[in-house]
Amino acid sequence: MKNIFLTVVISWTMLSAEAQSKLSIKSADSLAFVLTINNSKITNLAIVDITLSDLQSGKTTVQISVPRNPLINITQELLLKPNGSYYYEVLRSKGKYKLQLVSESVSALTEDEGENENTTASTIPLDTLAIEAPIAKEEIGDCDQPTSVVDFEALKTELIDLRFEKRKLERMTAFAEQNCIRVEQLRYMMAQLSTEDSKLKLLKTASVHVFDKSRLSLVQDDFFLEKNKVKAREIIGK
């Protein structure tokens, strides 16, 4: 029987009144993993993409095991800042697998700043549990040939050398216009931007060049302000 690896988005409410954090972890299909957080098992099935919101900030022990390869077992202690949003990938470095930090953003929201357009942190509405299986043929969007891993890795390398938000947005917008991208790639690009206005601009351009369009609704979880979530839904709807 063919193995099916899932994408999971989980939201939970912690008892602590402290500021919360968001943690996203992704891996390649061949490294589908089972996740344990602070000795609590989060998933039973092997997954390739998970997002945890409302996670208590502070030192967090993350354990990754790969059913396909029992020799791969990662244990790392992460420091999650209050109102922080963290994105990690499971990568091999110097012969060992580890969680590699890809992007980090921290919002200094207060009650008076709640309407700031440029807030960067992202949360997922409570009571959310979305599980998506691999893309069926009939769910393919406006393009039918996804960009290659090599081309996207080249883009990621370019972005490292771009220091200004405007330059990053211009480069990623051009890439989205010229390529057929997956939702996970679009979310990665959005995570490189520090303002929600920029993320909306990229989404507006990229949404018509998405391969797995049935999963496009996931990007609204990358916005903090409710009004920007609404704008994202409007863009997706078009």
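Preceding this section is the structure that the text describes.
Residues numbered from 1 in each chain as written. Predicted model: local features only at pLDDT ≥ 70, side-chain atom pairs only at ≥ 80, totals over all residues. Heavy atoms only, no water.

**Student:** How should I be thinking about the pattern of salt bridges in this particular structure?
**Tutor:** Two side chains of opposite charge can pair, provided their charged atoms sit close to one another. One pass over the structure, following the stated rule, counts eight salt bridges. Close ionic contact of Lys81 with Glu104 constitutes a salt bridge, the shortest N to O distance being 3.7 Å. Remark: Glu104 occurs in strand β9 (residues 96-106) and Lys81 occurs in the loop between β7 (73-80) and β8 (84-93); sequence separation between them is 23 residues. We classify Glu104 as partly exposed; its relative accessible area is 39%. The salt bridge involving Lys156 is made with Glu89; its shortest N-O contact spans 3.5 Å. (Salt bridge = Lys/Arg side-chain N within 4 Å of Asp/Glu carboxyl O. Helix = DSSP H or I, 4+ residues; strand = E, 2+ residues; numbered from the N terminus. Buried < 20%, exposed > 50% of the residue type's maximum accessible area, 1.4 Å probe, protein only.)

**Student:** Explain the nonpolar core to me, please; I cannot follow it from the model alone.
**Tutor:** Grouped together as the largest cluster of nonpolar side chains are 26 residues, with contacts concentrated most on Ile181, Leu186, Met189, Leu202, Leu203 and Val219. Sorting the residues of this core by element identifies α1 (149-160), α2 (165-178), α3 (183-191), α4 (196-206) and α5 (226-237) as the ones contributing at least two each. With five residues, α3 is the single largest residue contributor to this core. Other than its neighbours up to four places away in sequence, Met189 contacts Phe152, Leu155, Met172, Phe175, Ile181 and Leu202. One finds Ile47, Ile72, Tyr86 and Tyr88 within the second-largest nonpolar core, a separate group that totals 22 residues. (Core = buried A, V, L, I, M, F, W, Y, C linked by side-chain atoms within 4.5 Å. Contact = heavy atoms within 4.5 Å.)

**Student:** Any chance you could explain unusual backbone geometry here in plain terms?
**Tutor:** Note: most peptide bonds trans; most residues except glycine with negative phi. The phi torsion at Asn38 lies on the positive side, around 50 degrees, for a residue other than glycine. For Asn38, a relative accessible area of 39% corresponds to the partly exposed category.

**Student:** Teacher, can you tell me more about the packing of aromatic side chains here?
**Tutor:** What characterises a pair of aromatic rings is the spacing of the ring centres plus the angle enclosed by the ring planes. Taken as a whole and judged by the stated rule, the model has three aromatic pairs. Ring geometry for Phe152 versus Tyr188: centroids 5.7 Å apart, planes at 70 degrees, classification edge-to-face. Remark: Tyr188 occurs in helix α3 and Phe152 occurs in helix α1; sequence separation between them is 36 residues. This pair shows no difference in class: Phe152 is buried, exactly as Tyr188 is. Site record: aromatic cluster; members linked through ring pairs are Tyr87, Phe152, Phe175 and Tyr188. Directly above the ring of Tyr188 sits Lys156, whose terminal nitrogen or CZ lies 4.8 Å from the centroid. (Phe/Tyr/Trp six-rings, centres within 6.5 Å; stacked < 30°, edge-to-face > 60°. Lys NZ or Arg CZ within 6 Å of the ring centre and 35° of its normal.)

**Student:** How should I be thinking about the packing of α3 against α4 in this particular structure?
**Tutor:** The angle between the axes and the distance between the axes are what describe a pair of packed helices. Contact pair α3 / α4: the axes reach a minimum separation of 9 Å and the direction vectors enclose 155 degrees. Taken together, the axes of α3 and α4 are roughly antiparallel relative to one another. Here the hand of the crossing between α3 and α4 comes out right-handed. In contact with Leu186, Met189 and Met190 of α3, α4 contributes Lys199, Leu202, Leu203 and Ala206. (Axes fitted to C-alpha atoms, helices over the stretch in contact; angles between N-to-C directions. Parallel < 35°, antiparallel > 145°, perpendicular 65-115°, else oblique. Left-handed = near helix turned anticlockwise from the far one by under 90°.)

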